[in-house]
Amino acid sequence: ALGRGSGADQLQAQMHFSGAYGHSHRDCLAMMLWAKQREMLSDIGYTWSDIRSWSVSTISHNLVAVDCREQKTANSDGDLVWFFPDNAGVSATEVDGTRAYADVAGLDMYRRLQVVVPVSARDAYVVDVFRVRGGTVHDWLLHGDADEDTTASCSPALGEPAKDMLAYPPSGEVTPAEAYGFIRQVRAGTAESGFTADLTYPSDPARGLRVHAMPPGPVEVFLGQSPSIRRTGRGSQADNRKIWDYWMPSLVVRRDGSAPLTSAFAAVYEPYVGEG
């Protein structure tokens, strides 16, 4: 966890990389972001609802999925490369999570770097660089706030909503994981270079998160929504009658190519209250 600030301006960027030792998710190198009194990028957490399979899936987390596959659970621990909690106000960490995709032939890099950079006593931004080498399809995934209603938009032109993410299988012979089907009302487009995405709160329009995404070349961009589950009740208290009542924005940035595909997805996360 990289943290800074105080009171209403506390910020914490978390990266998860422990292995699977019971009640585990397939989420090595997943991130969460708390800023401006909101969990702006969420991990759904524990639930025992009828769609628990979504909450534990690799695809429901903020990370890169390789070949539309779930990560391993056994022997999937990440390795902390380095960690600087405070260097003249800047904090940074990098983790190697290659074991999580050890069953993908030829994959030899799965690594994430995060840096928190202060702007003032109130504000900071997070730099995120995710590097992958191996496989043929890389999906950079980002999910919004699971606690509150949020809306999402992005700068690439997107088409009309489709039924779900499974309407967009990757090229080649890769079979999409069933978890992609939980991402609904998907609008699709393309981006040749960097673009922005905005997550905002209808109940508080002055508060939000701007994402400056810098993909490694031309990509497909998918923006939809997925079940946030959390507001149905915590853990085993989840109310199955409400599992389709609550949704969070989901962004998928897809790059495909010949194996071993090499990608470096970079992004800057800019939380704000007031002018974004």
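Residues numbered from 1 in each chain as written. Predicted model: local features only at pLDDT ≥ 70, side-chain atom pairs only at ≥ 80, totals over all residues. Heavy atoms only, no water.

Engineer: Requested: an account of the overall build of the chain, with residues and values cited.
Structural biologist: When you go through the chain residue by residue, the secondary structure sums to 1 helix and 18 strands. Overall, the C-alpha framework of the chain stretches about 50 × 45 × 40 Å when taken along its three principal axes. The buried share of the chain, reckoned over its 276 residues, is 51%. Counting every atom, the chain has about 11900 Å² of accessible surface; 49% of that belongs to carbon and sulfur. (Helix = DSSP H or I, 4+ residues; strand = E, 2+ residues; numbered from the N terminus. Buried < 20%, exposed > 50% of the residue type's maximum accessible area, 1.4 Å probe, protein only. Areas by Shrake-Rupley, 256 points an atom, 1.4 Å probe, with all protein chains shown as cover.)

Engineer: Quick one: what's the story with a nonpolar patch on the surface, residue by residue and with numbers?
Structural biologist: Among the surface-exposed residues, Val81, Trp82 and Phe84 lie close enough to one another that they form a single nonpolar patch of about 250 Å² accessible area. Checked against the element boundaries, valine 81 lands in strand E6 (residues 79-87). For valine 81, a relative accessible area of 35% gives the class partly exposed. (Patch = residues over 30% accessible without salt bridge, like charges linked within 9 Å, V, L, I, M, F, W, Y side chains within 5 Å. Salt bridge = Lys/Arg side-chain N within 4 Å of Asp/Glu carboxyl O.)

Engineer: How would you sum up the sheet that holds strand E5 (residues 64-66)? Please name residues and give values.
Structural biologist: Strand pairs in the sheet, formed through backbone hydrogen bonds, run parallel or antiparallel to each other. Across the sheet, 6 strands lie side by side as E5-E10-E17-E16-E13-E12; this open sheet has antiparallel pairing. One side of each edge strand has no neighbouring strand; the edge strands of this open sheet are E5 and strand E12 (162-164). Ignoring which end each strand starts from, the neighbouring axes of this sheet average 30 degrees apart. (Pairing = 2+ DSSP bridges. Axes fitted to C-alpha atoms, helices over the stretch in contact; angles between N-to-C directions.)

Engineer: Which residues make up the nonpolar core, and what are the values?
Structural biologist: Leu33, Tyr110, Trp140 and Tyr269 are the most contacted members of the largest nonpolar core, which totals 67 residues. Dropping the residues within four chain positions of it, tryptophan 140 is found in contact with Leu63, Val64, Asp128, Val211, Leu251, Val252, Val253, Phe265, Ala267 and Tyr269. (Core = buried A, V, L, I, M, F, W, Y, C linked by side-chain atoms within 4.5 Å. Contact = heavy atoms within 4.5 Å.)

Engineer: Just give me the short version of the pairing of strand E3 (residues 30-35), but keep the residues and values in it.
Structural biologist: In the sheet, strand E2 (residues 11-16) pairs with E3 via 6 bridges, with the strands oriented antiparallel. Paired with methionine 15 across the strands is methionine 31, a residue of E3. Pairing of E3 with strand E4 (residues 38-41), which is carried by 3 bridges, proceeds in the antiparallel orientation. From the neighbouring strand, alanine 35 faces E4, where its bridge partner is arginine 38. Connecting the antiparallel pair E3 and E4 is a turn made up of 2 residues, with lysine 36 showing a positive phi of about 55 degrees.

Engineer: Pulling in residues and values, what's your account of the sheet that holds E3?
Structural biologist: The antiparallel open sheet is built from 4 strands, whose spatial order is E1-E2-E3-E4. Every interior strand has two partners, whereas the edge strands, strand E1 (2-4) and E4, have only one. Going across the sheet, the axis of each strand differs from the next one's by a mean of 20 degrees, ignoring polarity. Note: E1 against E2, 3 bridges, orientation antiparallel.

Engineer: Mind laying out the pattern of salt bridges, listing which residues take part and the relevant values?
Structural biologist: Under the defined criterion, the tally for this structure stands at 18 salt bridges. For aspartate 9, the salt bridge is made with lysine 36, and the minimal N-O distance between the two is 3.2 Å. In this pair, aspartate 9 sits in the loop between E1 and E2 while lysine 36 sits in the loop between E3 and E4, placing the two residues 27 residues apart along the sequence. This pair shows no difference in class: aspartate 9 is buried, exactly as lysine 36 is. Several salt bridges share partner residues, and in doing so they unite Asp9, Lys36, Arg122 and Asp123 into one network.

Note that every value here comes from positions in space, so none of it alone points to a role or purpose.
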